[in-house]
Amino acid sequence: MSHLDYLPVTDDSFATTAASTFTAKVVSAGTTELTGPCPRCGTVIRIPVVTGIYKSFRLLRRRHAPPAPDARLEPVICTCDDDHPGRPEGDVGCGAFWIFQLEPAAQ
Ligand SMILES: [Zn+2]
Ligand SMILES: [Zn+2]
């Protein structure tokens with residue numbers, strides 16, 4: 001699906017869909033990478049999220065703890081390099097953005 005027009009847009013369903021299709025993986029100390037298909041254009045994108053040394057240190061202690069209520073809300077925008085007509089020069093993505101809830105274990 002690469003023929004969608006570029007459109008800065010969000011929708012509750014984006015967050016709902018991404019919550020079930022995206023995976024969060026700690027790639028290095030203080031950096032988590034979100035990977036999954038954009039809920040609008042369907043292209044798999046990778047979003048690096050800097051979570052900070054303090055939080056990654058906390059992760060080590062809490063790896064086996066149940067989800068805590070301090071989940072972090074991370075704004076995510078589509079960063080695909082598909083051809084979406086109408087996209088401003090130099091920009092990436094289809095324009096979709098949403099909020100991804102990082103579970104404490106992924107921070
Ligand atoms: Zn796209
Ligand atoms: Zn997209």
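Predicted model, so just to flag it, every value in this text is computed and none were measured.

A.B. asks: What should I look at first to understand the sheet that holds strand β1 (residues 23-28) in this one?
C.D. replies: Backbone hydrogen bonds hold the strands of a sheet together, and the pairing may be parallel or antiparallel. Strand order in this open sheet of three strands is β1-β2-β3, and the pairing throughout is antiparallel. Each end of this open sheet is capped by a strand with a single partner; those strands are β1 and β3 (44-50). In this sheet, adjacent strand axes meet at a mean angle of 25 degrees when their direction is disregarded. Note that β1 and strand β2 (residues 31-37) share five bridges and pair antiparallel. Across the sheet, residue Thr23 finds its bridge partner in β2, namely Thr35.

A.B. asks: It is not clear to me how the environment of Pro104 should be interpreted in this structure. Could you clarify?
C.D. replies: Within the secondary structure layout, Pro104 lies in the segment after β5 (97-102). In this structure Pro104 comes out as buried when scored by relative accessible area, which is 11%. Separated by 33 residues in the primary sequence, Pro104 and Ala71 have C-alpha atoms spaced 5.1 Å apart.

A.B. asks: Help me understand the coordination of the zinc ion (ligand 2), please; the structure alone is not making it clear to me.
C.D. replies: In an ideal tetrahedron of four donors about a metal, each angle is 109.5 degrees. In an ideal octahedron of six donors, the angles are 90 or 180 degrees. For the zinc ion (ligand 2), the full set of protein donor atoms is Cys38 (SG), Cys41 (SG), Cys78 (SG) and Cys94 (SG), and the range of their distances to it is 2.3 to 2.5 Å. With four donor atoms in place around the zinc ion (ligand 2) and angles of 104 to 115 degrees between them, the coordination shape is tetrahedral. Summarised as a motif, the one-chain spacing of the donors to the zinc ion (ligand 2) is C-x2-C-x36-C-x15-C. Taken as a pair, the zinc ion (ligand 2) and the zinc ion (ligand 1) lie 3.6 Å from each other and share Cys41 as a ligand.

A.B. asks: Explain the coordination of the zinc ion (ligand 1) here, please?
C.D. replies: Protein coordination at the zinc ion (ligand 1): the donors are Cys41 (SG), Cys80 (SG), Asp82 (OD) and His84 (NE2), at 2.1 to 2.6 Å from the metal. Viewed at the metal, the four donor atoms of the zinc ion (ligand 1) are separated by angles of 95 to 123 degrees, and the geometry they form is tetrahedral. Each donor residue of the zinc ion (ligand 1) lies on the same chain, and together they follow the pattern C-x38-C-x1-D-x1-H.

A.B. asks: Looking at this structure, how should I read the nonpolar core?
C.D. replies: Side chains of a nonpolar character, in soluble globular proteins, are inclined to be buried together. With 17 residues, the main nonpolar core has Leu34, Cys38, Ile45, Cys78, Trp98 and Phe100 as its most contacted residues. Looking at this core, the elements that each hand over two or more residues are α1 (12-21), β3 and β5. Those residues in contact with Ile45, other than ones at most four positions away along the chain, are Phe22, Leu34, Thr35, Gly36, Cys38, Ile77, Cys78, Thr79, Cys80 and Trp98.

The rules behind the values
Going along each chain's sequence as written, the residues are numbered from 1 onward. Lettering for chains starts from A, numbering for ligands starts from 1, and both go in the order in which the items are written. Restriction of local features to residues with pLDDT of at least 70 applies here, the model being predicted, together with a cutoff of 80 or more for giving and counting side-chain atom pairs; totals for whole chains, interfaces and linings are based on all residues. For side-chain calculations, the full set of non-hydrogen atoms in the structure is used, while hydrogens and water are omitted. Between any two strands, pairing holds if DSSP finds at least two bridges. For helices the rule is a DSSP run of H or I covering at least 4 residues; for strands it is a run of E covering at least 2, with both sets numbered from the N terminus onward. Angular values range over 0 to 180 degrees, each being the angle between N-to-C directions of two axes fitted as lines to C-alpha atoms, with helices fitted over their stretch in contact. Remark: exposure states derive from per-residue accessible area (1.4 Å probe, protein chains only) relative to the maximum for the residue type, with buried under 20%, exposed over 50%, and partly exposed in between. Any nitrogen, oxygen or sulfur atom within 2.8 Å of a metal ion counts as a donor, with the limit raised to 3.2 Å for Na, K and Ca, and since water is left out, coordination shells can look unfinished. Square planar and octahedral assignments, for four and six donors respectively, both demand that opposite donors be over 155 degrees apart and that all other angles lie between 65 and 115; tetrahedral needs four donors with all angles between 85 and 135 degrees, and anything else is irregular. Take the buried Ala, Val, Leu, Ile, Met, Phe, Trp, Tyr and Cys residues and link them wherever side-chain atoms come within 4.5 Å; each set so joined is a nonpolar core. Should any heavy atoms of two residues lie within 4.5 Å, those residues are considered in contact.

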